[in-house]
Amino acid sequence: MIIKRFLRWTDDRIGGTKFTRKALDKVFPDHWSFMLGEVALYCLMVLIATGVYLTFFFHASAQDVVYTGSYGPLRGQHMSEAYRSVVGLGFDVRAGLLIRQVHHWAALVFLGAIVLHLCRIYFTGAYRRPREINWFIGLALMLLAIANGFTGYSLPDDLLSGTGLRIAYSVLLSVPVIGTWMAYLAFGGEFPANDIISRLYVIHVLIVPALIVGLLSVHLAIVWRQKHTQFRGPDRTEDNVVGSRLWPTYAMRSIGLLLVVVAVLAALGGLVQLNPIWLYGPYQPASVSTAAQPDWYMGWLEGALRLFPSFRIHLFGYRVPEAILPAVVFPTLTFAILFAWPAVDRRLSGEVDGPDHHLLVRPRERPRRTALGVAVLTFYVVLFIGGGQDIISQKLHIALDTVTVLLRILLIVAPIAIGALAWRLCRDLAVEPPPGDGDPDDVGRDGGSDGAPDAQLGGSAARRSSTFSSASARSSSSDASSTAISESSAPDAVRNSSSSLRWIDDT
Amino acid sequence: MVALLVAAAAAVAFVVVFWSGGRRTQLEGALLALAFGGSGVGLVVWANHLIGGGEQSEDRTPLRATPEEIRELDAELGRGEVIARRVWLRRSAVAAGGALGIALVSPLRSLGPSPGKQLLHTAWGDGVRVVAEDGTPVAAADVPADGLVTVFPEGAVGAADAQAVLVRVDPSLLHLPRGRDSWAPGGLLAYSKVCTHAGCPVGLYQADSHELLCPCHQSSFDVLRGAVPVSGPAAWPLPQLPLVVGADGLLRVSGDFSEPVGPGWWKA
């Protein structure tokens, strides 16, 4: 009743009834993997809420103070005001430790959800036209999330994060020509300088979050406008969306998911300790702790720094710093390739002006793309493991150098082997000629009204037939039984029957 | 309904626990989790089993403009051609915009001092006494046989770039680079504690293999041969200090490090 009156009231002033009605009617496809992005969104909400609370207690100051608080072992020690305020947050503020740990856990899960979301988008081909813009925005969001994770991690000014900042300073130094200037301007002078904590704070609570919220809004608006992709299935075509209506089913479920995400983060923050900075102690440039690892999302860079072989190169008469290849060139390349991927994929699949794709593919239907993705993921997982090579060496009692060499070999071999395995697995799983191996998205087009250029269709049909014939050659079943499978798979096959028939003609 | 009631109860319990004071992180976390989780599960079950509604289908409407709309837009854009026509006016505007852009980023210069030659030098210099982390002068006899002592130049205790480590080895094992024969009085060696790889403190010393180890990325350096890197990602030796034992038995240096300390930048 109140809601109705409120809507009437706003409509009298700014209109919007039509929009609200259409919005409530909007259909969202249901699939568990579509929730990964939502989980990231809800983590961000938790991050903002807990983060605002933390700002009430955190003092972003490098000023040297002597600790006199309630935690005995640190009493009388020199530390920065920033570190003291975070220790105080843990010991003297009610629920302060809980909120700080929930905040930190939310950041870890946030990035986890983002990476899984990225994988989902990649393996189902959801980045293809017309969704390239959201692929770019999503990558920018991931970069910003990593940046904010690192800056937030560095704020407490504890021994572990201070060491991380020292490495970041070295990485800045290693940039050609402007490296020393970048390092000096960022830190306000030669390391450790005094300005970095207060600057990171502004970056962490203002600049990056503003960018994240802005880009995320565009990200979601584009999803809203383009409508979500969906997997193939009964009655699902390139021209419709099948799923639950926003109101009330989808909204209820999504709010439910939000609450469950908060619950999981609260449980983690309350029950699973992480980053106990009071045990690490305040940062002192001459101190360091062993078995030091960064947050998980920096693990690939840590591994790259550890596994990259040492080299001495002089270029144009200058000594090339060691950090530049693993810590500057490599991550730059990583993101450059990710950003370029939709274009590369278009080129590889011959869809330069290609058709729009609203139906997703299953990973098995694209053995090569899936294998490439799996191989790349394996590469980064090995790097991540390399970030803890000292711990492996300790636990398994293997000499450190042996572990390093093994990991270097694994870094090359594992992606190839596991990628090949994934390829093989996809081929075997996809033997039943699906309602559309090859290029299933064209299948929907065949039935659609606004057909793609004929040349396009012809090209993809040819590709399709070759895939199909090789698949049937390997499979024990005859063409006839393959047809039976494709027809038995429900109404979809009926709609695609024309294209199915054409495959058989081709073979 | 059960889930929602549990949630309500847990939320009330959280408030009670919070107001009763004390730091009960685990209990508070668990209660919050119950409160949120109960509500969430309740809503999802409600949505899935009680509301239903089945699968709905909605058509995708093409977002693309029709050719006619595109022509209309082009016509509107065409009005802007008067801007392009005045070439020199347009170029002046671009120049003004570019200059303004440069003017706007130039305040970034205030963020820090010029690197200058600061990176090349530390507080060490001829005659500077070696002091420990508490500022007390270090005597040659203070350095244990297999141990490692972190030291600073007198007057700059805690300086990140000047930190150094002292180790003592058997002088007969030494193979120092040429010109450093007198830098290790009595087998005492002083090296920069800043790793040449990524700048972490080289804080571990394995006395039996005479290697300094950086715990960050596992580079190790052979102290007998001028701290050349033995394994790991570091490529350059740790800079060495020319140590001198004074008449009073206290340690001094006769100059700055053999090289600029820490990881490299693009230096000639």
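Residues numbered from 1 in each chain as written. Chains lettered and ligands numbered in written order. Predicted model: local features only at pLDDT ≥ 70, side-chain atom pairs only at ≥ 80, totals over all residues. Heavy atoms only, no water.

This paragraph deals with the overall build of chain B. In terms of helices and strands, chain B carries 5 helices and 11 strands. Its C-alpha atoms give chain B a radius of gyration of 34 Å, clearly above 18 Å, the size a compact globule of 268 residues would have. Expressed along its principal axes, the backbone C-alpha trace of chain B runs to roughly 90 × 75 × 35 Å. Sorting the 268 residues of chain B into buried and exposed places 44% on the buried side. Of the contacts formed within chain B by residues at least 6 apart in sequence, a portion of 52% connects residues at least 24 apart. With 20 positive and 25 negative side-chain charges, chain B shows a spacing of 9 Å between the two charge centroids. (Helix = DSSP H or I, 4+ residues; strand = E, 2+ residues; numbered from the N terminus. Rg over C-alpha atoms; globule rule 2.2 N^0.38 Å. Buried < 20%, exposed > 50% of the residue type's maximum accessible area, 1.4 Å probe, protein only. Contact = heavy atoms within 4.5 Å. Lys, Arg positive; Asp, Glu negative; His and termini not counted. Charge placed at Lys NZ, Arg CZ, Asp CG, Glu CD.)

Many analyses report the size of an interface as the accessible area lost when the parts associate. Along its sequence, chain B is organised into domain 1 (2–55 + 67–111) and domain 2 (118–267). One C-alpha centre belongs to domain 1 of chain B, the other to domain 2 of chain B, and the line joining them spans 51 Å. (Domains from an automatic or database assignment.)

Quick look at the confidence of the model for chain B now. Residues and elements named next belong to chain B. Considering every residue of chain B, the mean pLDDT works out to 91; 99% of them sit at 70 or more. Per-element confidence in chain B ranges from a low mean pLDDT of 82 for helix H4 (residues 81–85) to a high of 96 for strand S8 (residues 220–222). With pTM at 0.88, the complex prediction returns an ipTM value of 0.93. (pLDDT = per-residue confidence, 0-100.)

Turning next to the nonpolar core. Within the largest apolar cluster, 109 residues are counted, with the highest numbers of intra-cluster contacts made by Leu74, Val87, Phe110, Leu165, Tyr169, Leu265 and Leu383 of chain A. Built from parts of two domains, this core gets at least three residues from each of domain 1 (2–55 + 67–111) and domain 2 (118–267) of chain B. Residue contacts for Leu265 of chain A: discarding those within four places in its chain leaves Cys43, Val46, Val102, Trp105, Ala106 and Val109 of chain A. In this structure, Tyr191, Cys200, Leu224 and Ala227 of chain B belong to the second largest nonpolar core, which totals 34 residues. (Core = buried A, V, L, I, M, F, W, Y, C linked by side-chain atoms within 4.5 Å.)

We now examine the sheet that holds strand S4 (residues 164–168) of chain B. Residues and elements named next belong to chain B. Spatially, the 4 strands line up as an open sheet ordered S2-S3-S4-S5, and their pairing is antiparallel. At either margin of the open sheet sits one strand with a lone partner, and together these are strand S2 (130–132) and strand S5 (188–192). Geometrically, the sheet is characterised by an average inter-axis angle of 45° between neighbouring strands, direction not taken into account. (Pairing = 2+ DSSP bridges. Axes fitted to C-alpha atoms, helices over the stretch in contact; angles between N-to-C directions.)

So, about a nonpolar patch on the surface. Residues Val202, Ile203, Val205, Leu206, Ile207 and Leu211 of chain A make up a contiguous nonpolar surface patch of about 470 Å² in total accessible area. Relative to the helices and strands, Leu211 of chain A is located in helix H9 (residues 196–226). (Patch = residues over 30% accessible without salt bridge, like charges linked within 9 Å, V, L, I, M, F, W, Y side chains within 5 Å. Areas by Shrake-Rupley, 256 points an atom, 1.4 Å probe, with all protein chains shown as cover. Salt bridge = Lys/Arg side-chain N within 4 Å of Asp/Glu carboxyl O.)

So, on to the confidence of the model for chain A. Of the residues in chain A, 85% have a pLDDT of 70 or more, and the chain-wide mean is 86. Predicted confidence is poor over residues 436–507 of chain A, with pLDDT under 50, and the contacts of this stretch with residues over four places away or in other chains come to 91 contacts.

What follows covers the interface of chain B and chain A. If you look at the interface, chain B gives 76 residues, while chain A gives 90 residues. Between chain B and chain A the total buried area reaches about 7200 Å² when both faces are included, carbon and sulfur atoms providing 61% of it. Contact with chain A buries surface across chain B, with Arg60, Trp236 and Trp266 of chain B losing the most and accounting together for 14% of the total. Where chain B meets chain A, there are 2 salt bridges. A salt bridge links Glu55 of chain B to Arg236 of chain A; the shortest N-O distance between them is 2.6 Å. In this structure, the connection of chain B to chain A is made through 29 residue pairs in polar contact (both at pLDDT 80 or more). Every element with two or more residues in the side of chain B that touches chain A is listed here: helix H1 (2–19), helix H2 (25–51), strand S1 (56–59) and strand S3 (148–153) of chain B. The element best represented in the side of chain B that touches chain A is H2 of chain B, accounting for 17 residues. In the sheet, strand S5 (residues 240–245) of chain A pairs with S1 of chain B via 4 bridges, with the strands oriented antiparallel. The partner of Val242 of chain A across the bridge, within S1 of chain B, is Ser57 of chain B. (Buried area = accessible area lost by both parts, 1.4 Å probe. Polar contact = N/O pair within 3.5 Å; in protein donor to acceptor, adjacent residues only side chain to side chain.)

Residues and elements named next belong to chain B. Counted by the stated rule, this structure contains 1 disulfide over all chains. Sulfur-sulfur distance for the disulfide between Cys200 and Cys216 comes to 2.2 Å. An S-S torsion of about -90° defines the bridge between Cys200 and Cys216 as left-handed. In this pair, Cys200 is assigned in the loop between S5 and strand S6 (204–206) and Cys216 in the loop between strand S7 (211–213) and S8, connecting sequence segments 16 residues apart. Residues Cys200 and Cys216 agree in their burial class; the two are buried. A disulfide-free cysteine, Cys195 has its sulfur positioned 4.0 Å from the sulfur of Cys214, the nearest such atom. Take Cys195: its relative accessible area is 1%, and that puts it in the buried class. (Disulfide = S-S within 2.5 Å.)

All names here are of chain A. This model, assessed by the stated rule, comprises 28 aromatic pairs over all chains. Note on Trp296 and Tyr297: the rings are 6.3 Å apart at their centroids and 80° apart in plane angle, and the pair reads as edge-to-face. Residue class for Trp296 comes out partly exposed when judged on its relative accessible area of 32%. We classify Tyr297 as buried; its relative accessible area is 4%. (Phe/Tyr/Trp six-rings, centres within 6.5 Å; stacked < 30°, edge-to-face > 60°.)

A pair of packed helices is captured by two measures, namely the crossing angle of their axes and the spacing between those axes. Residue and element names in this part refer to chain A. Where helix H6 (residues 132–154) contacts H9, the two axes come as close as 9 Å, and the packing angle between them is 160°. Classified by the interaxial angle, the pair formed by H6 and H9 is roughly antiparallel. Of the two elements, H6 crosses H9, and the hand of that crossing is left-handed. A class-by-class count of the residues in the contact of H6 with H9 yields 18 nonpolar, 8 polar and no charged. (Parallel < 35°, antiparallel > 145°, perpendicular 65-115°, else oblique. Left-handed = near helix turned anticlockwise from the far one by under 90°. Nonpolar A, V, L, I, M, F, W, Y, C, P; charged D, E, K, R; others polar.)

Another point: the pattern of salt bridges. The full count for this structure, using the stated rule, is 18 salt bridges over all chains. Across the salt bridge formed by Arg346 of chain A and Glu132 of chain A, the nearest N and O atoms sit 3.0 Å from each other. Pair noted here: Arg346 of chain A is in helix H13 (residues 324–348) and Glu132 of chain A is in helix H6, with a separation of 214 residues, a long-range link. A relative accessible area of 16% places Glu132 of chain A in the buried class. Linking Glu365 of chain A and Arg232 of chain A is a salt bridge whose minimum nitrogen-to-oxygen distance equals 2.6 Å. Taken together, the residues Glu365 of chain A in the loop between strand S8 (359–360) and helix H14 (367–386) and Arg232 of chain A in the loop between strand S4 (230–231) and S5 connect sequence positions 133 residues apart. With relative accessibility at 6%, the residue Glu365 of chain A sits in the buried group. Salt bridges sharing common partners tie together Arg129 and Asp356 of chain A together with Arg64 of chain B.

In this structure the tally under the stated criterion is 5 cavities of 30 Å³ or more. If you add up the space inside the largest cavity, you get close to 130 Å³. In terms of lining residues, the largest cavity is bounded by 13 residues, among which Arg166, Tyr169 and Glu190 of chain A together with Asp161 and Val261 of chain B are the most central. A per-class count over the lining of the largest cavity returns 9 nonpolar, 1 polar and 3 charged. (1 Å grid on protein atoms, 1.4 Å probe; cavity = no way out; pocket = protein on both sides within 12 Å on 5 of 7 lines; lining within 4 Å. Points joined across faces, edges and corners; volume = space filled by probe spheres on them.)

Strand order in the open sheet formed by 3 strands is S1(A)-S5(A)-S1(B), with antiparallel pairing between adjacent strands. A strand with exactly one partner marks an edge of an open sheet, and here the two such strands are strand S1 (27–28) of chain A together with S1 of chain B. Contacting S1 and S5 of chain A, helix H10 (residues 246–271) of chain A runs over the sheet at an angle of about 75° to S5 of chain A.

What follows concerns the environment of Asp92 of chain A. Turning to its location among the elements, Asp92 of chain A is positioned in the loop between helix H4 (81–91) and helix H5 (96–123). Among the polar contacts listed, one links the side chain of Asp92 of chain A to the side chain of Ser70 of chain A, at a separation of 2.5 Å.

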